[in-house]
Amino acid sequence: MKLYHAPGACSLAPHIALFEAGIAAETIRVDLRSHTLPDGSDYLAVNPKGYVPMLELDDGTTYTEVAVLLQIIADRKPGTLAPAAGAPERYRQQEWLNFIATEIHKGYGMLWHPEVGEAAVAAAKASLAKRYAIVEAQLGRTKFIAGDGFTVADAYLFTVTRWSDFLKVDLSAFPNLQAYQKRIAARPGVIAAMTAERLIKAAA
Ligand SMILES: N[C@@H](CCC(=O)N[C@@H](CS)C(=O)NCC(=O)O)C(=O)O
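Residues numbered from 1 in each chain as written. Predicted model: local features only at pLDDT ≥ 70, side-chain atom pairs only at ≥ 80, totals over all residues. Heavy atoms only, no water.

Peer 1: Help me understand the layout of surface pockets, please; the structure alone is not making it clear to me.
Peer 2: Using a probe with the size of a water molecule, rolled over the atoms, empty space left in the structure can be pinpointed. In this structure, the largest pocket spans a volume of roughly 850 Å³. Considering the residues around the largest pocket, the lining is formed by 25 residues, among which A9, C10, L32, V52 and W163 are closest to the centre. Among the secondary structure elements, those contributing two or more residues to the lining of the largest pocket are α3 (66-75), α4 (88-105) and α7 (163-166). Residues belonging to the lining of the largest pocket are distributed by class as follows: 16 nonpolar, four polar and five charged. (1 Å grid on protein atoms, 1.4 Å probe; cavity = no way out; pocket = protein on both sides within 12 Å on 5 of 7 lines; lining within 4 Å. Points joined across faces, edges and corners; volume = space filled by probe spheres on them. Helix = DSSP H or I, 4+ residues; strand = E, 2+ residues; numbered from the N terminus. Nonpolar A, V, L, I, M, F, W, Y, C, P; charged D, E, K, R; others polar.)

This is the structure:
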């Protein structure tokens, strides 16, 4: 299996999932500015969407979209990182995956482009705050976002919420979420993925 990724991008989520699942995979770093691969070849030739992540299975099949890659990885280790397909709990997890993708991940979109202007940035932050209020309430009820055990939805929520520091999204009104981010950051699988992406230093 190969994961096409960029350090700290949303591709960190499937990277975390691979470590959490104990699945060995080759990681290929994509230069998102030039859309090139480390050997100088054109990423657009293998993924016309141009963005990360992309997962390539051993038979050469490729898939994109974070929420899908997470489920492919989870389904390789049944019963650990996602409930069984078709179970009500799986639909609940998919509900969260979709919410994280469309409401939170994409909610940050505008913030990467401050040239859109102060009003647009403020509106994006206000919208994110509304979405995080929903997350905050859920984390008051359950330890993880889709229930009482860690799932790939947590890898995704953690990954995109990490951007709040850099993009100055104020999370001070969300103590459950802040405690959750710390808890997830301390997981060995998360530390391993973040170390591999050089987002944190390897322990001495
Ligand atoms: N819909 C895609 C969005 C992926 C995405 O936003 N990737 C960003 C990094 S977090 C990216 O590669 N941006 C560069 C580009 O769009 O060229 C998914 O859910 O996987």
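Peer 1: When you look at the sheet that holds strand β4 (residues 62-64) in this model, what are you seeing that I'm missing?
Peer 2: Working definition: the strands of a sheet are paired by backbone hydrogen bonds and lie parallel or antiparallel to each other. Spatially, β2-β1-β3-β4 is the arrangement adopted by the four strands of the open sheet, whose pairing is mixed. The sheet terminates laterally at β2 (26-29) and β4, the two strands that pair on one side only. Geometrically, the sheet is characterised by an average inter-axis angle of 20 degrees between neighbouring strands, direction not taken into account. Bridge count between strand β1 (residues 2-5) and strand β3 (residues 54-56): three bridges; the pairing is antiparallel. (Pairing = 2+ DSSP bridges. Axes fitted to C-alpha atoms, helices over the stretch in contact; angles between N-to-C directions.)

Peer 1: Quick question: what am I supposed to make of the domain arrangement of the protein here?
Peer 2: Interface size is often expressed as the accessible area that is lost when the parts come together. Looking at the protein, the domain boundaries give domain 1 (2-80 + 190-196) and domain 2 (88-187). The distance between the C-alpha centroids of domain 1 and domain 2 comes to 21 Å. Taken together, the contact between domain 1 and domain 2 spans 18 residues of the former and 16 residues of the latter. Carbon and sulfur atoms make up 65% of the surface buried where domain 1 meets domain 2, a total of about 1,500 Å² over both sides. In this structure, E20 and R187 form a salt bridge, with 2.9 Å as the shortest nitrogen-oxygen distance. Our count for the contact surface shared by domain 1 and domain 2 stands at eight residue pairs in polar contact (both at pLDDT 80 or more). Counting only elements with at least two residues in the side of domain 1 that touches domain 2, the list comes to α1 (12-21), α3 and α9 (188-196). No other element matches α3, which puts six residues into the side of domain 1 that touches domain 2. Taken together, the residues that form the side of domain 1 that touches domain 2 break down as 13 nonpolar, three polar and two charged. (Domains from an automatic or database assignment. Contact = heavy atoms within 4.5 Å. Buried area = accessible area lost by both parts, 1.4 Å probe. Salt bridge = Lys/Arg side-chain N within 4 Å of Asp/Glu carboxyl O. Polar contact = N/O pair within 3.5 Å; in protein donor to acceptor, adjacent residues only side chain to side chain.)

Peer 1: Mind showing me how you'd approach helix α8 (residues 175-185) here?
Peer 2: For α8, every residue scored as buried is listed here: L177, Y180, Q181 and I184. Projected down its long axis, α8 carries its buried residues within an arc of 100 degrees, all on one side. Those residues of α8 that are exposed and aimed more than 90 degrees away from the buried face are P175 and K182. Contacts made by the buried residues of α8 are with α5 (118-141), α6 (152-161) and α9. (Buried < 20%, exposed > 50% of the residue type's maximum accessible area, 1.4 Å probe, protein only. Arc of directions from axis to C-beta.)

Peer 1: Where do I start with α3 in this structure?
Peer 2: Every α-helix carries 3.6 residues per turn, so stepping three or four residues along brings you back to the same face. When you tally the buried positions in α3, you get eight out of ten residues, the bulk of the element. Turning to α3, its buried residues number three or more, namely V66, A67, L69, L70, Q71, I72, I73 and A74. In this fold, the buried residues of α3 make contact with β1, α1, β3, β4, α4 and α6.

Peer 1: I would appreciate a short explanation of unusual backbone geometry in the present structure.
Peer 2: The bulk of non-glycine residues show a negative phi, and the bulk of peptide bonds are trans. With an omega of 5 degrees, the peptide bond running from V52 to P53 counts as cis. Locating P53 in the fold gives a position in the loop between α2 (43-46) and β3. Positive phi, normally seen in glycine, also occurs at E65, with a value near 85 degrees. Along the polypeptide, E65 turns up in the loop between β4 and α3. Owing to a relative accessible area of 32%, E65 belongs among the partly exposed residues under this scheme.

Peer 1: I would appreciate a short explanation of the site of the ligand in the present structure.
Peer 2: Inspection of the region around the ligand gives 13 residues, with C10, V52, E65, V66 and K106 positioned closest. Taking V52, its main chain carries an N or O atom lying 2.9 Å from a nitrogen atom of the ligand. Within the side chain of K106, a nitrogen or oxygen atom sits 2.8 Å from an oxygen atom of the ligand. One can see that the ligand is located within the largest pocket. Broken down by class, the residue content of the shell around the ligand amounts to eight nonpolar, three polar and two charged. Here the shell around the ligand spans two domains, and each of domain 1 (2-80 + 190-196) and domain 2 (88-187) adds at least three residues to it. (Near = heavy atom within 4 Å. Sits in = over half its atoms within 2 Å of the grid points.)

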